[in-house]
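Each chain is listed here by its residues.
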Amino acid sequence: MVPELKFYTSLFYEGQLAKQITNKSNKLSREEFTELVTKIKQRKNQLQHYLNEITQMLQVTWERKEIEVWLVNMYHVSFSHPLTIAVMNPTHVRDIEEIIDVIIHELIHVALPLHPAYANALEELKKDYPTATKTIQIHILVHAILATYFQKLRGNHRMSMDIQYLENYPEYKLAWDIVLEKGPEKILEKYLGMTIGASPL
């Protein structure tokens, strides 16, 4: 059973996150933010479908019945525990399509540790990429899964936009470079034992 996605906002939570950042002015009006949250909630069925596809791809079993998705009206790094999505990035307000892809990125982070080969995969990645940071090593797997997600469900144009955005983040960019060089299907087969048809990268 795939967990149900439930979306939440909280001024208190935003206030706690705001203590970690210097640019506190980069945010939407409450009306604009509420409108964007409504648009995200309207895409819930689509997101549930994507989560179901990723669950089948990874062949993982969920123990939880729901996943809380916290939407915050600020620029902050999005992260998976608790799953928190910032609607701003340093240069612009994220549009709904970019937000969908960021949510999926973070959901992959939540799902990956459920894979029985995950712990061993991290050890193998440390051996194969000893000078890479842990962030790079983890995102080699995340981006390999994302590449399959984009090609199967969203189109290569969405993947190109994700890669372009991450040009400003060296660790994430390097992880994408490795995935594009090696091929996502080869990475997933080597580290997670997953067999996926070759993709036209």
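Everything below is about the structure shown above.
So, here's what we can say about the structure. (Residues numbered from 1 in each chain as written. Predicted model: local features only at pLDDT ≥ 70, side-chain atom pairs only at ≥ 80, totals over all residues. Heavy atoms only, no water.)

## What to know about the nonpolar core
No. 1: Counting 64 residues, the largest nonpolar core has Leu58, Ile104, Leu112, Ile140, Leu141, Trp176 and Leu192 as its most contacted members.
No. 2: In terms of residue count, helix α6 (residues 134–154) provides more of this core than any other element does, eleven residues in total.
No. 3: Sequence-distant contacts of Leu141, defined by excluding residues within four places in its chain, comprise Leu112, Tyr118, Ala121, Leu122, Leu125, Ile187, Leu188, Tyr191 and Leu192.
No. 4: Ranked by size, the runner-up nonpolar core spans eight residues in total, among them Leu17, Trp70, Val72 and Ala86. (Core = buried A, V, L, I, M, F, W, Y, C linked by side-chain atoms within 4.5 Å. Buried < 20%, exposed > 50% of the residue type's maximum accessible area, 1.4 Å probe, protein only. Helix = DSSP H or I, 4+ residues; strand = E, 2+ residues; numbered from the N terminus. Contact = heavy atoms within 4.5 Å.)

## Observations concerning unusual backbone geometry
No. 1: The peptide bond linking His81 to Pro82 adopts the cis configuration, its omega dihedral lying at -10 degrees.
No. 2: Locating Pro82 in the fold gives a position in the loop between β3 (79–80) and β4 (83–88).
No. 3: Of note in the backbone geometry, Gln59 takes a positive phi value of approximately 55 degrees without being a glycine.
No. 4: Summarising the element assignment, Gln59 is placed in the loop between α3 (44–58) and β2 (66–75).

## Topic: helix α7 (residues 156–165)
No. 1: By the burial criterion, the buried members of α7 are Arg158, Met159, Asp162 and Ile163. Axial view of α7: buried residues confined to an arc of 135 degrees, hence all on one face. Turned more than 90 degrees from where α7 packs its buried face, His157 and Gln164 sit exposed.
No. 2: Buried positions along α7 lie against α4 (96–111), α6 and α8 (170–182). (Arc of directions from axis to C-beta.)

## Overview of the sheet that holds β2
No. 1: Strands sit in the order β1-β2-β4-β3 across an open sheet of four strands; the sheet is mixed. At either margin of the open sheet sits one strand with a lone partner, and together these are β1 (4–8) and β3.
No. 2: Packed onto the sheet, α3 meets β1 and β2 and runs at close to 135 degrees relative to β1.
No. 3: Sheet contacts for α4: β1, β2, β3 and β4; angle to β4, the most-contacted strand, approximately 160 degrees. (Pairing = 2+ DSSP bridges. Axes fitted to C-alpha atoms, helices over the stretch in contact; angles between N-to-C directions.)

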